[in-house]
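Close look at the chain arrangement
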Amino acid sequence: FGDTTREQILETRERRRKQLKNMVLDARKKLADHAAGEITLTPEKKKALEDQMDIFQRKLNTMKDELEDWEIERLIARESDRAELRRQRSAASRRISDEI
């Protein structure tokens, strides 16, 4: 349940960074294809892609810096808390199913 070790936190962060890079590249390609006339985007879709690309790029820029130890510890604690909540909900759900 969740990322509860330093290694898992860093692996997830790197995986997300790669995912965001691919999303930026995909949006850029679609916009370039539109500009070249290879595909046609509605003005709304074009604006949405431009906005998404901007958001993805800004998020990538915030992820350039490495996490400090206190940030990693905070993420581990948060994930541990979330995992405990999921366990409690799952146990409660099983009790309700058993009662029915």
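Read on for a plain summary of the structure.

Taking 1.5 Å of rise per residue, the 31 residues of helix α3 (residues 69–99) would be expected to cover 45 Å, and the 45 Å separating its terminal C-alpha atoms lies within 8% of that figure. By the burial criterion, the buried members of α3 are Glu71, Ile72, Leu75, Ile76, Glu79 and Ala83. Where α3 is buried, its residues touch α1 (6–35).

Closest axis-to-axis distance for the α1/helix α2 (residues 43–62) pair is 9 Å, and the angle between their directions is 150 degrees. The orientation of α1 relative to α2 falls into the category roughly antiparallel. Between α1 and α2 lies a crossing of left-handed hand. Residues Arg13, Arg17, Leu20, Lys21, Met23, Val24, Ala27, Arg28, Lys30, Leu31 and His34 of α1 form the contact with α2, whose own contacting residues are Lys46, Leu49, Glu50, Met53, Phe56, Gln57, Lys59, Leu60 and Thr62. Among the residues making up the contact of α1 with α2, the classes are represented as nine nonpolar, three polar and eight charged.

Evaluation of the coordinates by the stated rule reveals ten salt bridges. Two residues, arginine 82 and glutamate 79, come together in a salt bridge whose shortest N-O distance is 3.4 Å. Separated by three residues within a single helix, arginine 82 and glutamate 79 lie in helix α3, roughly one turn from each other. Its relative accessible area of 40% is what places arginine 82 among the partly exposed residues. Put simply, glutamate 84 and arginine 87 hold a salt bridge, and the shortest N to O gap is 3.4 Å. Of this pair, glutamate 84 and arginine 87 both sit in helix α3, three residues apart, roughly one helical turn.

Rules of the game
Residues numbered from 1 in each chain as written. Predicted model: local features only at pLDDT ≥ 70, side-chain atom pairs only at ≥ 80, totals over all residues. Heavy atoms only, no water. Helix = DSSP H or I, 4+ residues; strand = E, 2+ residues; numbered from the N terminus. Expected span 1.5 Å × (residues − 1). Buried < 20%, exposed > 50% of the residue type's maximum accessible area, 1.4 Å probe, protein only. Contact = heavy atoms within 4.5 Å. Axes fitted to C-alpha atoms, helices over the stretch in contact; angles between N-to-C directions. Parallel < 35°, antiparallel > 145°, perpendicular 65-115°, else oblique. Left-handed = near helix turned anticlockwise from the far one by under 90°. Nonpolar A, V, L, I, M, F, W, Y, C, P; charged D, E, K, R; others polar. Salt bridge = Lys/Arg side-chain N within 4 Å of Asp/Glu carboxyl O.

In short, geometric facts, not functional conclusions.
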